[in-house]
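As a plain string of letters, each chain reads:
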Amino acid sequence: MALIITDECINCDVCEPECPNEAISQGEEIYEINPSKCTECVGHYDTPQCVEVCPVDCIPKDPDHPESQEQLYDKYLKLVSA
């Protein structure tokens, strides 16, 4: 699954620079994750880096974008070859 940032986000700015796929950007009110770029850091790290640095625990899996580890890895391969 891709990840999603909930409205509990405090706009602390720590997640955006941690994303190796540049999937996180400032939205109208809070940071947002582009699900087409989010691989949960598969291919880069063992754990999602945005989740690791988030001080308020507002980055769960996005139930609207279910993906297996294999699908996340395939997405990673497409992103790094683009």
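Whatever comes next refers back to the structure up there.
Let me begin by describing the structure that accompanies this report.

Cut-offs used in this document
- Residues numbered from 1 in each chain as written.
- Predicted model: local features only at pLDDT ≥ 70, side-chain atom pairs only at ≥ 80, totals over all residues.
- Heavy atoms only, no water.
- Salt bridge = Lys/Arg side-chain N within 4 Å of Asp/Glu carboxyl O.
- Buried < 20%, exposed > 50% of the residue type's maximum accessible area, 1.4 Å probe, protein only.
- Phe/Tyr/Trp six-rings, centres within 6.5 Å; stacked < 30°, edge-to-face > 60°.
- Helix = DSSP H or I, 4+ residues; strand = E, 2+ residues; numbered from the N terminus.
- Core = buried A, V, L, I, M, F, W, Y, C linked by side-chain atoms within 4.5 Å.
- Contact = heavy atoms within 4.5 Å.
- Disulfide = S-S within 2.5 Å.
- Polar contact = N/O pair within 3.5 Å; in protein donor to acceptor, adjacent residues only side chain to side chain.

### A few points about the pattern of salt bridges
Here's step 1: Counted according to the given criterion, the structure contains 2 salt bridges.
Here's step 2: Ionic pairing is found between Glu67 and Lys75, a salt bridge with its closest N-O pair at 3.1 Å.
Here's step 3: Look at Glu67 and you get partly exposed, because its relative accessible area is 24%.

### Some remarks on the packing of aromatic side chains
Here's step 1: This structure, assessed with the given rule, holds 1 aromatic pair.
Here's step 2: For the pair Tyr73 and Tyr76, a centre-to-centre distance of 5.5 Å together with 35° between the ring planes defines the contact as tilted. Of the two residues, Tyr73 and Tyr76 are both situated in helix 2 (residues 69–81); the distance of 3 residues between them amounts to about one turn of the helix.

### What about the nonpolar core?
Here's step 1: In this structure, Ile5, Cys15, Ile24, Ile33 and Ile59 are the most contacted members of the largest nonpolar core, which totals 16 residues.
Here's step 2: Not counting residues up to four positions away in its chain, the partners in contact with Cys15 are Ile5, Ile24, Tyr31, Cys50, Val53 and Ile59.

### What to know about the state of the cysteines
Here's step 1: Counted according to the given criterion, the structure contains 0 disulfides.
Here's step 2: No disulfide involves Cys38; its nearest neighbouring cysteine sulfur is the one of Cys50, lying 6.3 Å away.
Here's step 3: Classification of Cys38 by relative accessible area gives buried; the value is 7%.

### A short note on the side chain of Glu40
Here's step 1: Along the polypeptide, Glu40 turns up in the loop between strand 2 (31–33) and helix 1 (49–53).
Here's step 2: Of the residues examined, Glu40 reaches a relative accessible area of 7% and is grouped as buried.
Here's step 3: Within the structure, Glu40 has its side chain in polar contact with the backbone nitrogen of Met1 (distance 3.1 Å).
Here's step 4: Engagement of the side chain of Glu40 in a polar contact is seen with the side chain of Lys61, the distance being 2.8 Å.
Here's step 5: Residues in contact with Glu40, not counting those within four places in the same chain, are Met1, Ala2, Leu3, Thr47, Pro48, Lys61 and Leu72.

Take it as geometry only, folks, not as evidence of what the structure does.
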